[in-house]
Amino acid sequence: CKKRVAELCDRDDLLFAQPESSHLGDCPICFLPLVVNARKSLIMACCSKLICDGCCYASKMREQNPSMKQTCPFCRHPIPTTNAEIDADRMKRVEANDPVALRKVGIQCSKKKDFTRAFEYLTKAAGLGDGDAVAHYRLAVMYWEGNGVEKDLKIAVYHWEESAIAGHPTARYNIGAIEWNNGSKERAV
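Remember, predicted model here, so these are calculated numbers, not experimental data.

Caption draft 1: How the structure looks around the environment of Cys55. Within the secondary structure layout, Cys55 lies in helix α2 (residues 53-62). When near neighbours in sequence (up to four residues on either side) are disregarded, Cys55 contacts Cys27, Ile29, Cys30 and Pro73.

Caption draft 2: Focus on the packing of helix α7 (residues 153-165) against helix α8 (residues 169-181). For the pair α7 and α8, the least separation of the axes is 8 Å and the interaxial angle reads 135°. By the angle between their axes, α7 is oblique relative to α8. In this structure, α7 crosses over α8, and the sense of that crossing is left-handed. Of α8, the residues touching α7 (which contributes Val157, Trp160, Glu161, Ser163 and Ala164) are Ala171, Arg172, Asn174, Ile175 and Ile178. Residue composition of the contact of α7 with α8, by class: 6 nonpolar, 2 polar and 2 charged.

Caption draft 3: Structural detail: the packing of helix α5 (residues 115-127) against helix α6 (residues 133-145). It is at 8 Å that the axes of α5 and α6 come closest, and there the two elements cross at 140°. By the angle between their axes, α5 is oblique relative to α6. Crossing of α5 over α6 shows left-handed handedness. Of the residues in α6, those in contact with Phe115, Ala118, Phe119, Leu122, Thr123, Ala125 and Ala126 of α5 are Ala135, His136, Arg138, Leu139, Met142 and Tyr143.

Caption draft 4: Structural detail: α6. Helix length check: α6, at 13 residues, gives a terminal C-alpha distance of 18 Å against a target of 18 Å (1.5 Å per residue), a fit within 8%. Among the residues of α6, Ala133, Val134, Ala135, His136, Tyr137, Leu139, Ala140, Met142 and Tyr143 are the ones counted as buried. Packed against the buried residues of α6 are α4 (99-111), α5, α7 and α8. Near the N-terminus of α6, the side chain that reaches the backbone nitrogen of Val134, with its oxygen 3.1 Å away, is that of Asp132. Taken from the residues just after α6, Gly146 is the one with a positive phi, measuring 75°.

What counts and how
Residues numbered from 1 in each chain as written. Predicted model: local features only at pLDDT ≥ 70, side-chain atom pairs only at ≥ 80, totals over all residues. Heavy atoms only, no water. Helix = DSSP H or I, 4+ residues; strand = E, 2+ residues; numbered from the N terminus. Contact = heavy atoms within 4.5 Å. Axes fitted to C-alpha atoms, helices over the stretch in contact; angles between N-to-C directions. Parallel < 35°, antiparallel > 145°, perpendicular 65-115°, else oblique. Left-handed = near helix turned anticlockwise from the far one by under 90°. Nonpolar A, V, L, I, M, F, W, Y, C, P; charged D, E, K, R; others polar. Expected span 1.5 Å × (residues − 1). Buried < 20%, exposed > 50% of the residue type's maximum accessible area, 1.4 Å probe, protein only. Polar contact = N/O pair within 3.5 Å; in protein donor to acceptor, adjacent residues only side chain to side chain.

Below you can see the structure in the form of structure tokens.
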């Protein structure tokens, strides 16, 4: 019993600690923190790296020379020109168990209402490494709404907590709203 209480206290410490950065991490080129606004960065299909707009812009300026091909700012792989090339690059990353690529494919499946495949990809992404914060968030939404899985609020809260621990701001908000609605106003704020 004491061991379980200690585990819960450790989890609460993680949950209520201020994250060091956003769930997106840092740009792998300039090492500046990535902003939460998804329109201010770009995921490269070739390497699954999230690159800030500034580094993408700098790469495009470097490639203004007509003799240079457009390449990924991170891995220098040629930029795909068709959706089929993008999908082929992404599937190579999926085969390599890249959590970002797995999450992206899971989100695409979810948008197409293929919740079974979305669940498979997102679960795999959430389970790799430190766990993908966005994959945990998407799994929480699936469990909360019952999309492709049996509706289970406890599992949804678990995934939102995992996502919040990784720094996902909307997950933190959702956990706070749930605590507030359950009458735990001290935990909510």
